[in-house]
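Next come the chains, spelled out residue by residue.
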Amino acid sequence: MQATKPQLFAYIHKEILPLQHAFLHVSDLAIQRGYGVFDFFKVQQGQPLFLNDYLDRFYESARLMELQVPFSREELVNIIFKLIEVNKLEVSGMKMILTGGYSSNGYDPVEPNLIMIQQPLVLPGQELIDKGIRIITHNYVREIPHAKTINYSIGIRLINQIRQRGAADVLYQLGGVVTEFPRCNFFIVKQDDTVVTPADNVLLGITRKNVLKLAGRNYKAKTGTITLDDIVQAKEAFLTSTTKRILPVVQVNETVIGNGKPGSVTLSLLKDLITLEEEQLAVEQ
Ligand SMILES: Cc1ncc(COP(=O)(O)O)c(C=O)c1O
């Protein structure tokens, strides 16, 4: 028998509604000016993973963008758990978006709108992990790197170029110093097994934070400057994000990293990250 698609619900205008009825008015500053922030976390077995970290970052993004979150932390948590309860998804991603609100002159911010949506999530398959990905670089740095704004225009604009060049993603760099991907953080493993991720001009990824901590248990781990030349010299490279966990990077532009295969440090960190997520779930049960 064919499984029916679950009916999904969203939170908008202070109520939980079927997703197909969740609309935002055209006067919202998100539409008019691309003004808004958001955050995104994983939910497994009814439990949001590392929720406190994501909530901290959500409030920080709002503060940096001069947006007021019209809800206390407890209220946000209540909404999150209500949505989890009605959506009943096995593995999902929850997105909470705070927009500039319905501005009468299309510019001045007013009372923000809070929207939460939850969608099924498919994590990268073993085949992709075994193979690793090729990436290209692009000259760009995000303007307010610690804010998770809704503006992904540069990344989206580059999708065609990424595909045409046979790559899976694009790493931003400026003056030879690399920072991050549109939606992921970047790491290299040096020849002496030191694990490094860019210190500046990046979003402070929650996966980045967890991976730095895990790497520190078995290797030297630090934040610092990574240049394109450091990548050429690197033994391994990988990206991190909530949806991808850790994905090995085996080629950057024309440069093959190490032996062109996912490295042992990268794969051991992925194992450790999955264990950390499982431990989190066990604590929350
Ligand atoms: C610009 C940027 N960098 C890095 C990340 C990865 O962060 P996290 O590990 O918290 O998902 C994201 C997440 O979407 C992002 O938008």
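Residues numbered from 1 in each chain as written. Predicted model: local features only at pLDDT ≥ 70, side-chain atom pairs only at ≥ 80, totals over all residues. Heavy atoms only, no water.

Details of the pairing of strand 3 (residues 36-44)
- Within strand 3, nine of the nine residues are buried, which leaves the element mostly enclosed by the surrounding structure.
- Residues G36, F38, F40, K42 and Q44 of strand 3 are buried on one face, and the alternating residues V37, D39, F41 and V43, pointing to the opposite face, are buried as well.
- The pairing of strand 3 with strand 5 (residues 91-99) spans nine bridges and is classified as antiparallel. Bridge pairing links D39 to M96 in strand 5.
- Of the pairings in the sheet, the one linking strand 3 to strand 4 (residues 47-48) comprises two bridges and is antiparallel in character. If you follow Q44 over to strand 4, its bridge partner there is Q47.
- Taking the residues between adjacent antiparallel strands as the criterion, strand 3 and strand 4 are bridged by two residues, where Q45 takes a positive phi near 45 degrees. (Buried < 20%, exposed > 50% of the residue type's maximum accessible area, 1.4 Å probe, protein only. Helix = DSSP H or I, 4+ residues; strand = E, 2+ residues; numbered from the N terminus. Pairing = 2+ DSSP bridges.)

Some words on the sheet that holds strand 3
- Taking strand neighbours across the sheet as the criterion, the six strands line up as 2-1-6-5-3-4 in an open arrangement whose pairing is antiparallel. Whereas interior strands pair on both sides, the edge strands pair on one side only; in this sheet they are strand 2 (15-18) and strand 4.
- Packed onto the sheet, helix 2 (residues 51-64) meets strand 3, strand 4, strand 5 and strand 6 (113-120) and runs at close to 175 degrees relative to strand 3.
- Against the sheet, helix 3 (residues 73-87) contacts strand 1 (9-12), strand 2, strand 3, strand 4, strand 5 and strand 6, and its axis sits at roughly 35 degrees relative to strand 6. (Contact = heavy atoms within 4.5 Å. Axes fitted to C-alpha atoms, helices over the stretch in contact; angles between N-to-C directions.)

Details of the domain arrangement of the protein
- If you check the domain split of the protein, you get domain 1 (9-120) and domain 2 (126-281).
- Domain 1 puts 23 residues into the contact, and the matching count from domain 2 is 20 residues.
- At the boundary of domain 1 with domain 2, total buried surface from both sides reaches about 2000 Å², with 67% on carbon and sulfur atoms.
- Among the residues of domain 1 in contact with domain 2, F38, F50 and R57 are the three that bury the most area, contributing 32% of the side total.
- Its salt-bridge partner being E277, residue K42 comes within 2.9 Å of it at the nearest N-O pair.
- Viewed at the interface, domain 2 and domain 1 are joined by nine residue pairs in polar contact (both at pLDDT 80 or more).
- Taken together, the elements giving at least two residues each to the side of domain 1 that touches domain 2 come down to strand 3, strand 4 and helix 2.
- With eight residues, the top contributor of residues to the side of domain 1 that touches domain 2 is strand 3. (Domains from an automatic or database assignment. Buried area = accessible area lost by both parts, 1.4 Å probe. Salt bridge = Lys/Arg side-chain N within 4 Å of Asp/Glu carboxyl O. Polar contact = N/O pair within 3.5 Å; in protein donor to acceptor, adjacent residues only side chain to side chain.)

What to know about the site of the ligand
- Near the ligand there are 17 residues, and of these R57, K148, Y152, T207 and T242 occur at the shortest range.
- Take R183: an N or O atom from its main chain is 3.5 Å from an oxygen atom of the ligand.
- Here the ligand, which alone exposes 390 Å², has 94% of that area covered by the protein.
- Within the residue set of the shell around the ligand, elements represented by two or more residues are helix 2 and helix 7 (206-218).
- Its residues assigned to classes, the shell around the ligand comprises seven nonpolar, five polar and five charged. (Near = heavy atom within 4 Å. Areas by Shrake-Rupley, 256 points an atom, 1.4 Å probe, with all protein chains shown as cover. Nonpolar A, V, L, I, M, F, W, Y, C, P; charged D, E, K, R; others polar.)

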